[in-house]
Every structure is written in structure tokens, then in C-alpha cells.
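Single-letter residue listing:
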Amino acid sequence: RDPCWRRGVGGSDMGDDAKAGARRLGPEDVPIGTNVLTATVHSAAGLPAADLNGYSDPYICLRVGDQVGRTTKHAKTLNPTWAPPEVFSFVVQAGEEAALVLEIYDADSFSADDLLGASRLCVEEREEKDGAPEMMALPVLDPSTGQRREGCTVTIAVGVQSREDFFAELQILAWQYERMNPTWGKNFLFTDPNGGLCAYSNFDASAFAMDIDDVLSEQERAYEGHTVLDWSVVNSLSSSDADAFQYGPELSGNRFFGWSPSPGPLSFVRRRLWRKVVRRSPESPAGRDGSDMVDDDGESGRTSGDSGHDD
């Protein structure tokens, strides 16, 4: 057994440290000469039920050394899917092995979160083929016995990139909104917080516009002309309906329960997530070292650890 995962870093023990590994890495966070280990969480399957309703409310903690990240929580499921996949990036020393620890918890409101299981992966430094990370289904161990849980896995993609390659590519996320009045359509929108009509917002809902490209930041616009994957809808049947929509009573969702994967009597607004992947030109100085990819708040434009799910 590996004692590091038995200590537990989830639930109330994590505190604000859980957010540190999930925030966006900026060039100032990655020393020259080091590499970046990126773990992309896609799904989990066959989780044990921890609640009386026969389900769990799972989330995953990821750790490399003292760097910690945490996915968003899914409610009442044993087979959660994160869409878009949640990306976590950790600084590792070049030429050295790094241990990635994943711990799966059931979120509880009135008691400590339950550890459902854990996995550990030793990631060797290697030259990625075409820059593509390796997709794998990791077995999950029972925390009480250390034995593998039959049929229980976590599907992730893991890769190691140089600092240069890590800051060369950007994933852009944007929300599309529609309003019920009396049918769903973008012609019946609530006004955004600034009083204007909107059909789209950026991922953190700080910029609104009627056209999806108008919500891009200055850093994101710097990648124009180098599209790897054009705008496409991101869907997950565990958090949205068959058309990729989530439902809520207003533009900010439900203040108590977040967004729902199905409409209810108070569902007046719905949203769905769009994604675009772009790559900075290798001839650009910033494409070589990422030096201008820092926002005013010190975060880079690369998505890391954020998701379209609300706890």
C-alpha cells in the first residue's frame, strides 16, 4: 500500500490549498528548465455508493508533491463524467520521475468527506509523440484494504511537456445562453449584469456579447489565425441534457443548487458550453517562452482545472 494516499487530502482537510493546484499556471509559476505535468480528468466508473440513496457525490483530488488540485463535484452518481475534461497542471523537474496521486471523495455537507478510493501513477519523463498525452483508465484501490476495487476506474490523460510547449496552446471556453419565452431561443434573453443583451459570455461570466468571438480576452485574440479545433459544443450527459444544455432560473443559475442537467418549473434560462483550441505561432516570441501570456491578475490564458460544473 502507498501510505501517502491513506493520509487523505480531501474534504475539510484541504482548505484553500485545494485551489492552488487548480489555478492557471502562468510563466512566472514555471521556472525555466522545468517541465509541466498535465493531468486531464475525463471520467470515473464503478464508484462505491457512500450515501443512503445508493449514490455518491464524487470529486477527485490530484496531488504531485505539495501541489494539489480538486475537480468539481458531481451529485448522485457512481459514474461521473467531467465535460469539458478538467485539466490540472503541475511543475516537475526535467528528467525526473513524478508521482501523481488521485483520491476520490464523496462530498458530505454535515460530516467529513468519505474517501472512496485512490490511484497512484509514476509518470516518467518522456518525449511525447506529436505532443499527445497518454489516455489511461487507472484502477482504483479500496482505502480500507489497499486492494483494487473491481470495475472501479478513473479515466485520465497524462502528459509531460516542456515549458515552451505548455505555453504554446490555449483552450478557450465560452457559454451560450437561451431564454424560455415562451419557447427556447436567443431572441428572448435576459440582459447581462451591465444591462446589455447577450447570447454568450466567457467562461467566468465576466464578459458578455451577442457574438461568441466578442467575449474573447486580448490574450485569447493573440492566437487568432492558428486554430487547432474550431468552436464546438462540449457535452456530458451526467451534467447536461442530450443537447448539452444546463438549466437554471436566471443567468447566474440557481444560487443554492447551481445548474441542472434537466429543466424544471423554474427553468427560465439555459446554457451550454463551447470550446475552441488555438496555438500560438512558433515564430512568435511569446510562443517560445510564454512571456506575454499573463493577465493583470497574474494568471495565464491557458485553462487549468476550471469546469463548467457548479458544486
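No experiment lies behind these values; they were computed from the predicted model shown.

1. Side note on unusual backbone geometry
Link 1 in the chain: Positive phi outside glycine occurs at Lys76, with the angle close to 50°.
Link 2 in the chain: Mapped onto the secondary structure, Lys76 falls in the loop between strand E3 (67–70) and strand E4 (81–92).
Link 3 in the chain: Assessed through its relative accessible area of 57%, Lys76 is described here as exposed.
Link 4 in the chain: Residues other than glycine seldom take positive phi values, yet Ala244 does so here, at roughly 75°.
Link 5 in the chain: Tracing the backbone through its elements, the reader meets Ala244 in the loop between strand E13 (227–234) and strand E14 (246–248).

2. So, the packing of aromatic side chains
For any pair of aromatic rings, the description consists of the separation of the ring centres together with the inter-plane angle of the planes.
Link 1 in the chain: Taken as a whole and assessed by the stated rule, the structure comprises four aromatic pairs.
Link 2 in the chain: Each ring, one from Trp184 and one from Tyr247, has its centre 5.6 Å from the other, and the planes form 65°; the classification is edge-to-face. Here the residue Trp184 occupies a position in strand E10 (residues 184–185), and Tyr247 occupies one in strand E14, the gap between them amounting to 63 residues.
Link 3 in the chain: For Trp184, a relative accessible area of 24% gives the class partly exposed.

3. Some thoughts on the pairing of strand E8 (residues 148–162)
Link 1 in the chain: Two strands pair when backbone bridges link them, and strand E1 (residues 35–45) and E8 are joined in this way by ten bridges, in the antiparallel orientation. Looking at the pairing, Ser43 lines up with Thr155 of E8.
Link 2 in the chain: Where strand E7 (residues 134–141) meets E8, seven bridges bridge the pair, whose relative direction is antiparallel. Each bridged residue has a counterpart across the sheet, and for Ala137 the counterpart in E8 is Thr155.
Link 3 in the chain: With antiparallel pairing between neighbouring strands as the criterion, E7 and E8 make up a hairpin whose turn holds six residues, including Gly146 at a positive phi of roughly 80°.

4. Comments concerning the nonpolar core
Inside soluble globular proteins, nonpolar side chains tend to come together where they are buried.
Link 1 in the chain: Among the nonpolar cores identified, the biggest contains 27 residues, and Leu37, Leu62, Leu100 and Ile156 are the most heavily contacted of them.
Link 2 in the chain: Where this core is concerned, the elements lending two or more residues are E1, strand E2 (58–64), E4, strand E5 (98–106), strand E6 (114–123), E7 and E8.
Link 3 in the chain: Not counting residues up to four positions away in its chain, the partners in contact with Leu100 are Ala39, Leu62, Arg63, Val64, Phe90, Ser119, Arg120, Leu121, Ile156 and Val158.
Link 4 in the chain: Membership of the second largest hydrophobic core comes to 13 residues, among which are Ala209, Ile212, Trp274 and Val278.

The rules behind the values
- By convention here, each chain's residues receive numbers from 1 onward along its written sequence.
- Totals for whole chains, interfaces and linings use every residue, but because this is a predicted model, local features are given only for residues with pLDDT of at least 70 and side-chain atom pairs only at 80 or more, for both listing and counting.
- Think of the side-chain values as coming from all heavy atoms in the structure, minus any hydrogens and water.
- Helix numbers and strand numbers start at the N terminus; a helix is a DSSP run of H or I with at least 4 residues, a strand a run of E with at least 2.
- Buried, partly exposed and exposed residues are distinguished by accessible area as a fraction of the type maximum, computed with a 1.4 Å probe on protein chains only: under 20%, between the cut-offs, and over 50%, respectively.
- Ring geometry is summarised as follows: Phe, Tyr and Trp rings, the Trp one being its six-membered ring, pair when their centres sit within 6.5 Å, and such pairs are stacked at plane angles under 30 degrees, edge-to-face over 60 and tilted between the two.
- The criterion for strand pairing is that DSSP finds at least two bridges linking the strands in question.
- Put simply, a nonpolar core is a bunch of buried Ala, Val, Leu, Ile, Met, Phe, Trp, Tyr and Cys residues held in one set by side-chain atoms that sit within 4.5 Å of each other.
- Whether two residues are in contact is decided by their heavy atoms: any pair within 4.5 Å suffices.

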